[in-house]
Structure formats: C-alpha cells, structure tokens
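Chain residues, written in single-letter form:
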Number of protein chains: 2
Amino acid sequence: MAYRKTPSVQGRLDAAREQLVDSATAVVAEAGWSGASVTVVAAAAGMSVGSVYQHFPSKSALAVEVFRRASGREVRVLSEVLAHGTGDPLERLAHGVEVFARRALENRGLAHALLAAPADAAVGRERLEYRRRYRAAFARVVREGVAEGLLPSQDADVTAAALTGAIGEVLVDPLAGPGEDAAGALVAELLAMSLRCAGAPPPAPAARPACPSDDEGLR
Amino acid sequence: MAYRKTPSVQGRLDAAREQLVDSATAVVAEAGWSGASVTVVAAAAGMSVGSVYQHFPSKSALAVEVFRRASGREVRVLSEVLAHGTGDPLERLAHGVEVFARRALENRGLAHALLAAPADAAVGRERLEYRRRYRAAFARVVREGVAEGLLPSQDADVTAAALTGAIGEVLVDPLAGPGEDAAGALVAELLAMSLRCAGAPPPAPAARPACPSDDEGLR
DNA sequence: CGAAGGTCTGAACGGTGGTTCACTTCTTCG
DNA sequence: CGAAGAAGTGAACCACCGTTCAGACCTTCG
C-alpha cells in the first residue's frame, strides 16, 4: 500500500462536506428547493458536480441532510424553550411561540422552505416527521398547562397541530411583507392568538391589573 | 364553406372537456400533482395526449383549472355557511369549521392536493389566492363576532390565517388515519379549538358563574 | 357523393436535470 | 522519486415529460 487517508485529508473532506451542506442550505433559502439543482449547488460550494456525489449518494440525500440540519436546529431551540424554559407552562408556551415565529421571520426564505415550499418526496416525508416533533413539543407544554389547571381540558395534540399550522400559515404569506417593524406587531398578535387557542384566560377583559400595553395607536 | 360547428359537435366537445377536468381531478386526488402526468390524465379521460391540448394550451392551464374548480367549490360552501348561515357569528363560525373539516376528511386526497401537496408554480400561485379567500371568509365572521361583542378584540386576519392553517395541519397528517369514527371526535376537538382560538368564552366553565372551576382531575 | 374543414391520434422531438465515468490531479509512503 | 491509489473534474449520458405535427378519421353541406 502506498496511500492511506491521513487526518489532514480527512479534515479537508469533512470541511468540504460541511461547506457543501451550508452552501446548499443557502441556495435553498434563497431560491427554494426547485432552484437548488445539483449544478447550482455545486457551483455555490465551489466544487464540481461530480464531487457532490462523493459526499452524498444522490441529490435527494443531500436535500434531506439540508432539511434535517436546519429543522433540527429549530426543533431543538423550540423544545428547549418549551420544556426547560423559565416560568409556568403558559409563559413557556408564549415564549416558545414568540421564539419560533421570530426566528422564522428572521429567515423567511429558509422558514418557507422548511415549512411549506414544494420539495421532493424524500424531503416531504422528512417534513412530516419534523412537524410531528414540533407538535410533540407544543403538545407537551399544553398537557402540562392542563395538568396544572392553567388551561381547560382539551386534546393537546389537536391544539399543538393547530399552533404549528397557524404559525406556518401566518408566516408563509406575505402578510407582513418584507416589513421589519410590522413583524413585531405580527408576533404579538400571533402570541395572543396562540394563548387563546390553547384556552388561556383572556388577559385584558378580565381586568387590567398591571398590563399597560393598551393599543395606544402606535401603528 | 362546407362545414360549420353544429350544436351537437359543440356539445360533444364540451362534454369531453368536462370529462377531462373530472378525470384529472380524480387523478390528482388519487396520486397527487406529481402523479398527474399528461399521459396518465389523458388515459384516465379516455383520450389521446394530443387531444388534451385541444382543450388546454398547456398542462399548467389544466392543472390550474382543476385547482380552481375544486377550490372554488370549497370556498363557496364555506363562505355560504359563514356569511349567510343561521345563528350568530359564533354559531356560524363553528358550523363553518365543521363543514370545512368534514368535507376535507371525506375526500382527504383532494383536500391534501388543494391545501398542501407539492404542485407546480402556477398552481402554487393559485393556492395563495384561494388561501386568501378562505381567510377572508373566516376573517369576516370573526370581525362580526368582535363587533357584536361575542369575541374579544383581535386581529381578525391573524385569527383567520390560524384557523386555515390549523385545519390544514390537522388534516394533512394521518392524525385520524383512515378511521371513520375517529373523524367525528377529531372534528369536535377541532371545533372546540377553533372557538378558543377566536376567543369565544369557554362553554362549560362559563356556565358555572360561581367560580367553581375546580380541577376535578377528569383525565 | 365529395370537397372542405374540422377533430383525434400517438410517435417523435426537445429541454431539463440527475447521474455516471474516463480521465486528470493530488497525496502518501517505500 | 515514483508507484499506488484516492480525490476531483465536467462533458456525455440517459430517463422523463411536456409539447408538437403530419396524417387518419369524421362531420357538414352543396
């Protein structure tokens, strides 16, 4: 034998793979799945088409990896907030919705690709799986809220599905357009809606003890 | 001239076009947009590939027609119930959600194709438009509810988007599997969730004004 | 009937885009 | 250095699918 894989080579290989996945993610966020042809992705990663197939057996496999990484990040963040955040279940739910929505709004392209954009079959299957995880995370905190008497008895899975769908729907459409300041208001509304959806007691009408956030017309 | 289009010929033509759209709809409901190649659709309609192009200038145009017809039916039914049904806005909202969900569950394949399945760009654009209509219909009744003091002040568009998204999400996944009886329970839960989402007063606890909201541990 | 002018057919075409592979370039180690 | 063998390249390949078109077949009316 006159050649063996040395650590530096392996490092370069790993880095190239990383670079490939990152570039592909950027392309997907920018141009959607349909715009992410092997040719384009390879070019973005600064490698040849053939090299792509050194790292992944097929375009589908690469797409799935891209999806998993990005979705994995989001699920992790959301779960963390919902499960191990501070405050009672309601506060955590509120915080979770806000974080989820804010992150999505900050990277609309990627969010759209992950949540809604047309994708090939393999990615579609993965998407179902990850939606299930979003829902599981929401469902858990809803169940906790019910158990603690903060929320009315309900089917937590349906509520969780609704939250996932609702947030996705609100985000998919240019409801807020490219606006940045509108995003804040949108998130606030989304949050209020989410709490109602889970059956949290209404904040304002009950009594306004210490909530000075009345609509003072500030756009 | 020695030939002019006679009514019977025109009738045959129209019938063929109808047949084509219906068959295409069936194929889409069964196999999704990706399974609806021109070849397959033509075969299903009992005509040759070439004839398809006598009725539509392109595959996209046919797909859009299929989408419009099916979605148009749903929007019409939903709007009718929401806008001109009986009862106050809350009752109409409840009824609307139920009708929407029940119809979708009765034809999951088509519902999925209309609401969620990957489709080509033209259909995607159309989908955005129709989602807007669903939302407009929901938003209207929510606004009425707010105006009549039945619902708390809120951004009706966000709530409407949430309802659309929530129902879609609940339907997309095999939450209820192929079950028939489970559908009833699912619709009931969906309905309760929708009312909460819009901020309708809780049904059971409200009825007991004397603050008897004790958690009696029921499940 | 038969000429005129439709409708209908399906094999062939062309564009797109994933995949391959013969070849070049680089790295390792005796 | 130079043999061995991996990494890297990109033009060619191929499968798929929407679209076309030359000809077959049908309907109308003088």
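Residues numbered from 1 in each chain as written. Chains lettered and ligands numbered in written order. Predicted model: local features only at pLDDT ≥ 70, side-chain atom pairs only at ≥ 80, totals over all residues. Heavy atoms only, no water.

1. Describing the environment of E169(A)
For step 1, the next point in the chain: Looking at the secondary structure, you find E169(A) in helix α8 (residues 156–172).
For step 2, the next point in the chain: In the structure, E169(A) is positioned 53 residues away from A116(A) in sequence and 8.7 Å away in space, judged by C-alpha atoms. (Helix = DSSP H or I, 4+ residues; strand = E, 2+ residues; numbered from the N terminus.)

2. Examining the relation of the copies chain A and chain B
For step 1, the next point in the chain: Between chain A and chain B, which share one sequence, the superposing operator has a rotation angle of 179° and an axial displacement of 0.0 Å; the RMSD is 0.1 Å. Those values place the two copies in the arrangement expected of a two-fold rotation axis. Of the C-alpha atoms belonging to chain A, the one lying closest to the rotation axis is found on C197(A), 1.8 Å away. (Least-squares fit on C-alpha atoms with pLDDT ≥ 70 in both.)

3. Describing the interface of chain A and chain B
For step 1, the next point in the chain: Listed per partner, the contact involves 30 residues of chain A and 31 residues of chain B.
For step 2, the next point in the chain: The interface formed by chain A and chain B holds 2 salt bridges in total.
For step 3, the next point in the chain: For R135(A), the salt bridge goes to E169(B), with nearest N and O atoms at 3.4 Å.
For step 4, the next point in the chain: Counting across the interface, chain A meets chain B through 10 residue pairs in polar contact (both at pLDDT 80 or more).
For step 5, the next point in the chain: Of all the elements in the fold, those that place two or more residues in the side of chain A that touches chain B are α7 (121–147), α8 and α9 (181–198) of chain A. (Contact = heavy atoms within 4.5 Å. Salt bridge = Lys/Arg side-chain N within 4 Å of Asp/Glu carboxyl O. Polar contact = N/O pair within 3.5 Å; in protein donor to acceptor, adjacent residues only side chain to side chain.)

4. Things to note about the confidence of the model for chain A
For step 1, the next point in the chain: Per-residue confidence for chain A gives a mean pLDDT of 86, with 86% of residues at or over 70.
For step 2, the next point in the chain: Segment residues 205–219 of chain A is flagged for pLDDT under 50; beyond a separation of four residues in sequence, or across chains, it makes 2 contacts in the model. (pLDDT = per-residue confidence, 0-100.)

5. So, the nonpolar core
For step 1, the next point in the chain: In this structure, W33(A), L62(A), F138(A), W33(B), L62(B) and F138(B) are the most contacted members of the largest nonpolar core, which totals 130 residues.
For step 2, the next point in the chain: For L62(B), the contacting residues outside a window of four places in its chain are L20(B), V21(B), A24(B), V41(B), V52(B) and F56(B). (Core = buried A, V, L, I, M, F, W, Y, C linked by side-chain atoms within 4.5 Å. Buried < 20%, exposed > 50% of the residue type's maximum accessible area, 1.4 Å probe, protein only.)

6. Let's talk about helix α6 (residues 108–115) of chain B
For step 1, the next point in the chain: Among the residues of α6(B), L110(B), A111(B), A113(B), L114(B) and L115(B) are the ones counted as buried.
For step 2, the next point in the chain: On its buried face, α6(B) sits against α1 (7–31), α4 (59–84), α5 (89–106), α7 (121–147) and α8 (156–172) of chain B.

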